[in-house]
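Fold and geometry: a report
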Amino acid sequence: MHPTIKKILGYLRNKYFTATMLFFVWICFFDRNDIISEAKLVYKINKLKTERTYFQKQTDIANEELKELQTDPASLEKFAREKYLMKKDNEDVYVITDQNSHLLDTLHTTPK
């Protein structure tokens, strides 16, 4: 036999080495917290962290807009005109939309 094969067989005959290797294989592939599950969890954690930063930025933007709406009457009027299609008594409002865009999006209602 080749000396390398003899060396490997010698390790495999050692019960402590074999038990350690079986334990390692069991932990890595068959356990509830195996390597594949851990990799999926790390990916999910990273995805959730990026979503968290995105939503924190969106919250900051919304807070700035809210502060501006609460302090500036002109921006409040602009917001009401754009989002809720409000108008003054002596005005006419014309809403021009594409065929692809829907007025429902601007009114914040859900389609039936």
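Report on the accompanying structure. (Residues numbered from 1 in each chain as written. Predicted model: local features only at pLDDT ≥ 70, side-chain atom pairs only at ≥ 80, totals over all residues. Heavy atoms only, no water.)

**Focus: the side chain of Ser75**
Along the chain, Ser75 falls in helix 4 (residues 73-84). On the basis of relative accessibility, which here comes to 11%, the residue Ser75 falls in the buried class. A polar atom in the side chain of Ser75 sits 2.9 Å from the backbone oxygen of Asp72. (Helix = DSSP H or I, 4+ residues; strand = E, 2+ residues; numbered from the N terminus. Buried < 20%, exposed > 50% of the residue type's maximum accessible area, 1.4 Å probe, protein only. Polar contact = N/O pair within 3.5 Å; in protein donor to acceptor, adjacent residues only side chain to side chain.)

**Re the side chain of Asp34**
Turning to its location among the elements, Asp34 is positioned in the loop between helix 2 (15-30) and helix 3 (35-71). Although Asp34 is buried, it forms no salt bridge, and the closest oppositely charged side chain is Lys40 at an N-O distance of 7.7 Å. Within the structure, Asp34 has its side chain in polar contact with the side chain of Ser37 (distance 2.6 Å). Setting aside residues no more than four positions away along its own chain, Asp34 makes contact with Ile27, Cys28 and Phe29. (Lys, Arg positive; Asp, Glu negative; His and termini not counted. Salt bridge = Lys/Arg side-chain N within 4 Å of Asp/Glu carboxyl O. Contact = heavy atoms within 4.5 Å.)

**Description of the packing of aromatic side chains**
Within this structure, the stated rule accounts for two aromatic pairs. Each ring, one from Trp26 and one from Phe30, has its centre 5.5 Å from the other, and the planes form 40 degrees; the classification is tilted. Of this pair, Trp26 and Phe30 both sit in helix 2, four residues apart, which is roughly one turn of that helix. Centroid distance Tyr54 to Phe55: 5.2 Å. Interplanar angle 65 degrees. Geometry classified as edge-to-face. Among the residues examined, Tyr54 registers a relative accessible area of 46% and is labelled partly exposed. (Phe/Tyr/Trp six-rings, centres within 6.5 Å; stacked < 30°, edge-to-face > 60°.)

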